[in-house]
Amino acid sequence: MSWKELVEHLKEIEVLESIAATLGWDEQTYMPKKAVTLRGSQMGLLAKLIHERRTDPRIESWLEGLDTSDPVQAACARNLGRLYRREKRVPPTIVEALAKARSEGFRAWLEAKARSDWGLFLPALDRLIRLVRERAQAIDPTRHPYEVLLEDYEPGITLDWLTQVFTRLKGELMPLIDEITKKPPFEAIDDPVPLPLQWQLSHRVAQALGFDFDGGRLDHSEHPFSTGQGYGDVRMTTHLKERDVLGGLGSTIHETGHALYEQGLPHELSGTTVREGASFGLHESQSRFWENIIARSKPFAIFLSRTMSELWKADCPARLRDPEAIHRAQNRVERTLIRTQADELTYNIHIIIRFEIEKALFEDALEAAEIPRVWNEKYQAYLGVVPPTVSQGPLQDVHWSEGLFGYFPSYTLGNIYAASLAKQMEVDIPSMWVDVENGDFSKILAWLRERIHQKGHIEETPSIIKQAVGER
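Residues numbered from 1 in each chain as written. Predicted model: local features only at pLDDT ≥ 70, side-chain atom pairs only at ≥ 80, totals over all residues. Heavy atoms only, no water.

### Examining the overall build of the protein chain
- Looking only at helices and strands, one finds 19 helices and 3 strands in the protein chain.
- With respect to the three principal axes, the spread of C-alpha positions in the protein chain is 65 × 50 × 45 Å.
- Counting across all 472 residues of the protein chain, residues that qualify as buried make up 56%.
- In the protein chain, 73% of the contacts between residues at least 6 apart in sequence involve partners at least 24 apart. (Helix = DSSP H or I, 4+ residues; strand = E, 2+ residues; numbered from the N terminus. Buried < 20%, exposed > 50% of the residue type's maximum accessible area, 1.4 Å probe, protein only. Contact = heavy atoms within 4.5 Å.)

Here it is, written out as structure tokens:
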């Protein structure tokens, strides 16, 4: 039966992808620095093997034989059909070269960020941009290359639509930022807390939210991330700082949101393309929901102050025992340089800046060497701040070192989805905020499991969101 053969073929691809994900996690956590060339070769070979299986000529006949009256097979026809049409157009030489360039780019980015030297990263970045452009050109030479890249993360989203959304956001957010930042800001909390104590807190909170540590782990990396290798192996990292307890915990909570999604996917549907997130924007909605909607709320501040007092006892700073101080600090609005530490109000401006730079790069309106200058100009114009170093500017994010052009817009889409999910959840779970204050997140997670996680990629994101929240 062609369906059975296809499922076995796709399961083999999933195993290869899980191996690549494990190597990628190791590269950003424990891999020796001198192993970069070896890892590049390993990732290049894996990418080549995965590409060969994704473009196997048998897939076309398997797709034709699917029973589209069955919801799972219909979803597979849509998901795999799109991926197959894209992948078969990309020469294996580009696939392998891009995998190697990503590995080398990551190491170049690490060194450049540590030294705050854009020139150290520029050759690797130029190579990545060229290869990503070649890949987009191979997939569809008739479309804007950036729109082709967007489809990797947000199927169905057009560049024109996204440009309109971001133009409106920028136009309405910037006056609001101006108005609010004229007022005295809430006080930040920068009391020093030893990192071992913060690690205890991160583990405790992640577990309270529902993360299963028997099926995953939490480690350190320069840039926090999460990765789902498959059932029973979901890994996440965070980046903690001694004088930024709330910021570090926010990173942990953000990645926990991603990890909970991965742990909640319909793993029984492995090999069907349904056991995956429907889009990067929907994935981001899960991380942003927990990070912003839940963790910046007053009930969560009460839960958090109680947890830190119980966990750290006499070592807990006085301000971290005060829920009101935590709540104010968590909702501080400030024109800052770092995207991952931005408040809810200014965050999307950080994304819009990156979107505009990426779009210009793939319209040949900007060279990679000019990025630091343009970055500074946009930050001055939009947020009124200029980074003193490139490490606090265009080198702050890992994405470009991995060739992930077109990824950043997913964060803003995730914010929009998260807000809608939260409003509907308040209706469906009347005890929601009392539960949060008591440290009981089980009903919230169960709601997300039913409405989002368990659906996997059975439908496209707009449909999943509409079913979850109605016309909101």
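Once you've had a look at it, read on.
### With respect to the side chain of Asp56
- As for its placement among the helices and strands, Asp56 is situated in the loop between helix H2 (36–54) and helix H3 (58–64).
- Here Arg58 takes part through its backbone nitrogen, which lies 2.8 Å from a polar atom of the side chain of Asp56. (Polar contact = N/O pair within 3.5 Å; in protein donor to acceptor, adjacent residues only side chain to side chain.)

### A short note on the pattern of salt bridges
- Using the criterion set out here, one finds 42 salt bridges in the structure.
- Across the pair Asp152 and Arg86 runs a salt bridge, and its minimum N-O distance is 2.8 Å. Of this pair, Asp152 sits in the loop between helix H7 (145–150) and helix H8 (159–181) while Arg86 sits in helix H4 (residues 71–87), and the two are 66 residues apart along the sequence.
- Asp191 is the salt-bridge partner of Arg319, the closest N and O atoms lying 2.7 Å from each other. One end of the pair, Arg319, is in the loop between helix H12 (298–312) and helix H13 (323–330); the other, Asp191, is in the loop between H8 and helix H9 (195–209), and 128 residues separate them in sequence.
- Of the residues examined, Arg319 reaches a relative accessible area of 23% and is grouped as partly exposed.
- Overlapping salt bridges, with partners in common, bring together Glu17, Arg54, Arg86, Glu87, Arg135, Asp140, Arg143, Glu147, Glu151 and Asp152 in one network. (Salt bridge = Lys/Arg side-chain N within 4 Å of Asp/Glu carboxyl O.)

### What about the sheet that holds strand S3 (residues 233–238)?
- Pairing is mixed across the open sheet formed by 3 strands, whose spatial order is S1-S3-S2. With one partner strand each, in any of the chains shown, strand S1 (216–220) and strand S2 (226–230) form the two edges of the open sheet. Looking at each pair of strands side by side, their axes are set apart by 20 degrees on average, direction ignored.
- Pairing between S1 and S3: 5 bridges, direction parallel. Bridge pairing in S3 places Arg217 opposite Arg235. (Pairing = 2+ DSSP bridges. Axes fitted to C-alpha atoms, helices over the stretch in contact; angles between N-to-C directions.)

### A few points about the pairing of S2
- Examined bridge by bridge, S2 and S3 share 4 bridges and lie antiparallel to one another. Its bridge partner being in S3, Thr227 is matched across the sheet by Arg235.

### A few points about the packing of aromatic side chains
- Applying the stated rule across the entire model yields 23 aromatic pairs.
- Taking 5.7 Å as the distance between ring centres and 70 degrees as the angle between the ring planes, the aromatic pair formed by Trp25 and Tyr30 counts as edge-to-face.
- Since its relative accessible area comes to 8%, Trp25 is described here as buried.
- Here Trp375 and Trp400 contribute two aromatic rings whose centre-to-centre distance is 6.2 Å and whose plane-to-plane angle is 85 degrees, an arrangement assigned as edge-to-face. Remark: Trp400 occurs in the loop between helix H15 (371–383) and helix H16 (409–428) and Trp375 occurs in helix H15; sequence separation between them is 25 residues. By the burial criterion, Trp375 is buried, and Trp400 matches it.
- The cationic tip of Arg235 hangs over the ring face of Trp25; the distance from NZ or CZ to the ring centre is 4.3 Å. (Phe/Tyr/Trp six-rings, centres within 6.5 Å; stacked < 30°, edge-to-face > 60°. Lys NZ or Arg CZ within 6 Å of the ring centre and 35° of its normal.)

### Some details on the environment of Phe303
- Here Phe303 shows up in helix H12.
- By relative accessible area, which is 7% here, Phe303 ends up buried.
- Distance in space between the C-alpha atoms of Phe303 and Leu421 is 22 Å, their sequence separation being 118 residues.
- Not counting chain neighbours up to four residues away, the residues in contact with Phe303 comprise Ala208, Val436, Glu437, Gly439 and Phe441.

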